[in-house]
Structures are given as C-alpha cells and as structure tokens.
Amino acid sequence: MKKKLFVIILCLLLVLPNITYSVHADTPAEPSLRSQSAVVMDLDSGRFLYTHEPHKKLVPAGLSKLVTAYLALETLPLKDSLTVTSQDLSSVPEDAITIGLENGNHLTVEDAVYAALLGSSTEACLVLSRAVSGSEASFCDAMNSFAASLSCEDTVFKNSYGLSADGQSISAYDLAKIAREVYKNDTMRKVLKTESYDFTDSTTFWNTNKMIYSWDELHYSACTGGKNGYIVGYGGNFVCYAEKDGLRLVAVVMGADQDEEYYADAKDLLEYCFSSFSSCYPLTGFTIDEVQAEGIVLDNYYESITHNLPSYSFSTGVSFLLPSGTKPEDVEKNVTFYDSPQGSVAGYISCNYKGEHLGDVPIYLDSENVGALRFRLSGKTISSGSDSSGEGLVVLPVASNGDASGGQTVTISDSGNQTVTETAAPGAQTDSSSEDVSSDHSSTTKNHSSNNEKKKSSVMITIILIAVLLCLLAGFIWFFYRWINVKKEREKRKEETRKMMERRKQELSLYGDDDYSEEDDLADKDSLSEEDDLIADDGYSDENHFSKYDDSADEED
C-alpha cells in the first residue's frame, strides 16, 4: 500500500511541472540582455512596453545622425544643392568616419542624408548642420531644442555626428522618443530601410543594419529599418523598427560590447513584445446607460420642447496595446461630461489599465443645435480639477457591460434609447493609439479655447463698431446743431436789416424827401453795410446825415 502511494506521489511530481509548463507555454519568458540599457516602444501610441535601465546616460554614437538627417529634411528641400567647404573639412575629428569629400564638392540634400545615415559620413553631417543653422554650434542648439520638445531629460548633444564629447549623453528612453518622431518623416522611413544608394558612379553606400538583408545570417523579417553606431570603449547602440501582426514597434539597445549582441538583444526584445502584447478594444460592448440613469438635465427649460433631445456617441473601435489576454472589462473606464459642450464634444471616456492612463475617447453630442444647448449632471459633484478652458468637470466611474464583437459606434439618446451602428470589425487596420485618442480630446479643448478667443475678438470688434457709430452720431448732431444756429443767425440779421430800413424810410419821410423812390430804397439797402463801416472812421453820425439832407433841400428851393 505504501509502495502504491509512493508511486502515485512520484507520478504527480513528474506530471505537475509539465502541466504548469503547458499552461504558461504561450507566455514567453523575458529575455536576458547583454546590453547595458534597452527599451521597446509601441510606435502608434508611444507607450513603453519594456524597459531595462531606461534612463542610463550613454554616448549616442552614430545615432545622433538620426536627428541631424531629420532636422535637415524638415528644413531643406530634398534637391537643394550643397557645397563642401574647407571649414567643414577642418572640423572633422581624426577618428571620425569619412567618405572622402573634398573642398568644393557639390551634393544634394538627399545625397548628404544618405551619406550620413548609410555611409555614416561625418563630413555630410557638418555640411547639413551648416546649411540648416549656419554653424555646427547653432545646429547643436537646434538638436537640443528638438530633444527638449519631446521631453527628453537625459539628452545633451554636443556635435552633429555622435562622437564622444564632454557633457554629451543620451538614454535609451529618450532615444526611443526621438526614433518615434523621426519615423514620422516619409523620407527618413525610406532611407532607413534602403539597402544601398549610389552616391557617385564609383561610390555606393550600403546600409550598416544587417537585419534588412535577406541573405545575411542576422536577417530579421519583421525589421522595417534601423540605424546602428559603435564607439570603441563605449560599446554599440542600435535602433530597430519592426512590424508584425499589425503592431509597429521600435527597440532601442545601448551599450552592447559587440554588434552581434545588440542585434540579438533587439530581436529577442521585439519577439517578446510581439508575443506578449495584442490589441485590446476596451469599449467593445461598453455603454453609458449608468450615466443616463442618473439623468442629464437640460439647463434651459421650456414649456414645450419642439426640437429633438440630444444624443451621444463614441467609437468602440478604439484599441490599446495591452498584455495578451487582457479583456475589455479589465480596463477601467471613467466617463467625464463637461459643464457645457465643447463644440460637438460633450465629454470623454478615460481608459486606465492597472493604474496606467491609456488615453481618452471623446463622447460626441449629436445635435443640430449644439450651440443653443447647455447641460449639467443633476446631483453630481463637480471635481476640483478643471480643463484648460477653466470649466468644471463631472467624473463618473462606470463599469463595462461585458464583451461584444465587431467595431461599432454606440449612439445613446437623452431619453435612454440606444442604437448601434455597425462599422469595420476590430482588426489590425482599426487599431488606434492612445496618443491619437488623447489628441482628439486635446484638440477639442484647444478648439474650445480658440472659440473663446474668437468670441472675445468678436466682442471687441462689436464694441469698437459701436464706439465708431456713436462718434459719427455725435458728429452728425453737432453739424445739425451748427446748421440750425447759422440759419437762425441769418434770419436774425435779415430781420434787423429790415427794421433798420423801415426806420430810415420813416426818417426820410419826416424831412420831406419827396423824390425818394423805391430804387433809392434799394440803393440805400445795398450801401447800408458800407455806411455802417464808415461811421467810426469819418466821424459820421445821425446829425451829419440829417444836415446833409437839409442842405440838399435848400438847394432845391
């Protein structure tokens, strides 16, 4: 009996390890590295899938040429002609790689980029840096500014070609960010996967990345390009781009003793990540009925609502690269509604996995009169945080309703009705990065801020127009007032002249001027002003005037 029990226990001990192995056979073991530092990043989302000593500062070596070529392509036309100068050649260090360029040689920007990336030409880097910034010192400032724009905190460039220099450093973490940005340039992608380039009739550059050659023993079929560099005493570095099963990754390996080591580390890491991660669609089958049950209340109340109540929609085809086997319900989802819509966006769904923020999926407001509607969540607490527009947010944790198949757009009306519109089924082509999704939310916030700026500008323009109109109105009133006064003054003067003429007639009739006629009256009227002006100068007075007519009467008698 004891022997049988012993045999059973022994069989179990032999079988259990195999059972355990079979359960975990699909989960590859994490590779052991020979390099000092390494990372793997998802190109689509920018998320790091693997890190080993990611912030260790090392010498960039030839990988600096990625930044040099990229900045040149972003600044200079591809077919622009460049001229090699003696200043370029005198700046080449003795231990640098050269391709034999001479003073006065001409080459295009495209030639120089291929020479720098495939031929590792130091002269080409110096020519490009001078063409972009005027000098290599200024170009290094541009390189550092570019790195800073990507939040690279471990990076300092001291030259354009990568040889060691005091204070120059970079980390695998920063290099992955740079490699991702560089890969967005079409020409850079083309150059990095090119096997050879005919520089002149007698000179051909061959890519130093052995993974792209089908005949090489280091060939890796998933590799879509890369760049390597090596400095004696510092080790070798390698940036490798790869694509497989719809996933696009970049591996950065730094500080390997031999070329074969960084090639092996890069391949092992990429295969490990391809096997360990897959696209997860966290919003498949997800609804916001829980939120609707709480009730979204119109901020405007009407006795009768004639327009349709608003409805909400969001994309369920959004995917994130997560460990294989992750289910949609494993992703925590938080629904946030704005106090008032930002354009056509009513809020967003924040997706988080094990404390890591994956991205935000916009919730769209489907209504023809979005601008006339304002919303609030009844009975909810506004969080202390606010978005960039300064408006409070209401955050509601919501659990997923489970799994469902197919890429769909879920539309939910304010009355609680839900409709599902079929779209493309989830697959490699429907993957969306967390950066793209987050950028939708970010761009929405920017658009809202832009709308606020436009509203402020519109108000200012309205105020200016009103001020101008008031000035014109004031001017018109002043002009009208002056015109009325001038008219009154003229009437007053006419009346005074008429009265004066009446007095003169009476005076003449008192002294017997029988020959005084209507023509004399008109003549006197015309000369009235002249006589008034002469009174002061000639001592003219009423007595003189009357004596004049007395003398005239005596002569006639």
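From a predicted model like this one, the values you see are computed outputs, not experimental measurements. (Residues numbered from 1 in each chain as written. Predicted model: local features only at pLDDT ≥ 70, side-chain atom pairs only at ≥ 80, totals over all residues. Heavy atoms only, no water.)

So what's going on with the overall build of the protein chain? Residues and values would help.
In terms of regular secondary structure, the protein chain is built from 14 helices and 20 strands. Sorting the 557 residues of the protein chain into buried and exposed places 41% on the buried side. In the protein chain, 66% of the contacts between residues at least 6 apart in sequence involve partners at least 24 apart. By element, 52% of the accessible surface of the protein chain is carried by carbon and sulfur atoms, the whole surface being about 30,700 Å². (Helix = DSSP H or I, 4+ residues; strand = E, 2+ residues; numbered from the N terminus. Buried < 20%, exposed > 50% of the residue type's maximum accessible area, 1.4 Å probe, protein only. Contact = heavy atoms within 4.5 Å. Areas by Shrake-Rupley, 256 points an atom, 1.4 Å probe, with all protein chains shown as cover.)

So what's going on with the packing of helix α2 (residues 64-75) against helix α6 (residues 136-149)? Which residues, and what values?
For any two helices packed against each other, the geometry comes down to the angle between their axes and how far apart the axes lie. Following both chains from N to C, one finds α2 and α6 inclined at 100 degrees, their axes separated by 11 Å at the closest point. As judged from the angle between their axes, α2 and α6 are roughly perpendicular. Contact residues: α2 offers S64, V67, T68, Y70 and L71, while α6 offers F139, A142, M143 and F146. (Axes fitted to C-alpha atoms, helices over the stretch in contact; angles between N-to-C directions. Parallel < 35°, antiparallel > 145°, perpendicular 65-115°, else oblique.)

Tell me what's going on with the packing of aromatic side chains, and back it up with residues and numbers.
In total, this model carries 13 aromatic pairs according to the counting rule given. When the centroid spacing of 3.9 Å and the interplanar angle of 15 degrees are considered together, the rings of Y183 and Y241 count as stacked. Taken together, the residues span a long stretch of sequence, with Y183 in the loop between α7 (172-182) and α8 (186-192) and Y241 in strand β8 (residues 235-244) at a distance of 58 residues. Residue Y183 shares its accessibility class with Y241, and that shared class is buried. Residues F199 and F205 carry aromatic rings whose centres are separated by 5.0 Å and whose planes lie at 40 degrees to one another, so their mutual orientation is tilted. Like F205, F199 is buried. Taken together, the aromatic side chains of F238, Y262 and Y263 make up a single cluster linked through ring pairs. The ring of Y183 has R189 lying over it, and the distance from NZ or CZ to the ring centre is 6.0 Å. (Phe/Tyr/Trp six-rings, centres within 6.5 Å; stacked < 30°, edge-to-face > 60°. Lys NZ or Arg CZ within 6 Å of the ring centre and 35° of its normal.)

I'd like to hear about unusual backbone geometry, residue by residue, with values.
Unlike most non-glycine residues, S120 shows phi in positive territory, near 50 degrees. With respect to the element layout, S120 can be found in the loop between α4 (109-117) and α5 (122-133). Judged by relative accessible area, which is 11%, S120 ranks as buried. Despite not being glycine, K354 shows a phi value in the positive range, around 50 degrees. Within the fold, K354 resides in the loop between β15 (345-353) and β16 (356-366).

Describe the pattern of salt bridges, listing the residues and the values that go with them.
Proximity of charged atoms lets side chains of opposite charge pair with each other. Per the stated rule, a full pass over the model turns up eleven salt bridges. Ionic pairing is found between D186 and R189, a salt bridge with its closest N-O pair at 2.4 Å. Placement of the pair is D186 and R189 together in helix α8, with a separation of three residues, close to one helical turn. For D186, a relative accessible area of 54% puts it in the exposed group. Salt-bridge contacts for E495 lead to R498; the nearest nitrogen and oxygen are separated by 2.4 Å. With E495 and R498 both in helix α11 (residues 434-510) and three residues apart, the pair spans about one turn of that helix. Overall, E495 belongs to the partly exposed group, its relative accessible area being 33%. (Salt bridge = Lys/Arg side-chain N within 4 Å of Asp/Glu carboxyl O.)

Account for the environment of T316, naming residues and giving values.
For T316, the location among the structural elements is in the loop between β12 (311-315) and β13 (320-323). Once the C-alpha coordinates of T316 and P282 are considered, the two residues, 34 residues apart in sequence, prove to be 7.7 Å apart.

Account for helix α9 (residues 259-276), with residues named and values stated.
Its 18 residues place the ends of α9 26 Å apart at the C-alpha level, agreeing with the 26 Å of an ideal helix rising 1.5 Å per residue. Every buried residue of α9 is accounted for by Y262, Y263, D265, A266, L269, L270, Y272, C273, F274 and S276. (Expected span 1.5 Å × (residues − 1).)

Please provide a residue-by-residue account of the side chain of N207, values included.
As for its position among the elements, N207 is in the loop between β6 (204-206) and β7 (223-231). A polar atom in the side chain of N207 sits 3.3 Å from the backbone oxygen of L192. Apart from the residues within four sequence positions on either side, N207 is in contact with L118, V191, L192, K193, T194, E195, I212, Y213 and G226. (Polar contact = N/O pair within 3.5 Å; in protein donor to acceptor, adjacent residues only side chain to side chain.)

Please provide a residue-by-residue account of the sheet that holds strand β9 (residues 247-256), values included.
Pairing is antiparallel in the open sheet, where five strands are placed in the order β2-β1-β9-β8-β7. Of all the strands in the sheet, the pair left with one neighbour each is β2 (48-52) and β7. Taking the axes of each pair of neighbouring strands and ignoring which way they run, one obtains an average angle of 5 degrees across the sheet. In this sheet, β9 lies alongside β8 in antiparallel orientation, the contact comprising eight bridges. If you follow E243 over to β9, its bridge partner there is R248. Contacts between α7 and the sheet are confined to β1 (37-42), β2, β8 and β9, with β1 contributing the most and set at about 35 degrees to the helix. (Pairing = 2+ DSSP bridges.)

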